[in-house]
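Per-entry structural report
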Amino acid sequence: MTVREALRLGHNYVGTEHILLGLVALDDTVIKDTFSESGVPVDRIEAAVVSVLPPEPQAT
């Protein structure tokens, strides 16, 4: 799932952001409950992660 998330975002590396997105993509209730209990809104994780990533360079 981690590699899939990296590729989906057009990245040629795997970083911690992809691990987090991969965990959320698993649709595992234990993972989602853990985030929710910690005050992390699961439905906003992807938007938050993507918002702090540097913009992808434009293809020339």
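Residues numbered from 1 in each chain as written. Predicted model: local features only at pLDDT ≥ 70, side-chain atom pairs only at ≥ 80, totals over all residues. Heavy atoms only, no water.

A cluster of nonpolar side chains, contributed by Met1, Val3, Leu7, Val14, Ile19, Leu23 and Leu26, occupies part of the molecular surface with about 630 Å² of accessible area. If you trace the backbone, Val14 turns up in the loop between α1 (2-8) and α2 (16-25). What makes Val14 partly exposed here is its relative accessible area of 47%. (Patch = residues over 30% accessible without salt bridge, like charges linked within 9 Å, V, L, I, M, F, W, Y side chains within 5 Å. Areas by Shrake-Rupley, 256 points an atom, 1.4 Å probe, with all protein chains shown as cover. Salt bridge = Lys/Arg side-chain N within 4 Å of Asp/Glu carboxyl O. Helix = DSSP H or I, 4+ residues; strand = E, 2+ residues; numbered from the N terminus. Buried < 20%, exposed > 50% of the residue type's maximum accessible area, 1.4 Å probe, protein only.)

By the element assignment, Glu5 lies in helix α1. Given the relative accessible area of 4%, Glu5 is considered buried. Here the side chain of Glu5 touches Arg8 through a polar contact of 2.6 Å, side chain to side chain. Apart from the residues within four sequence positions on either side, Glu5 is in contact with His18, Leu21, Gly22 and Ala25. (Polar contact = N/O pair within 3.5 Å; in protein donor to acceptor, adjacent residues only side chain to side chain. Contact = heavy atoms within 4.5 Å.)

So, on to α2. Taken together, the buried positions of α2 are Glu17, His18, Leu21, Gly22 and Val24. Buried positions in α2, seen along its axis, are confined to an arc of 165 degrees and lie on one side of it. Contact partners of the buried residues in α2: α1, α3 (29-37) and α4 (45-52). Among the residues trailing α2, Asp27 stands out with phi positive, at a value near 60 degrees. (Arc of directions from axis to C-beta.)

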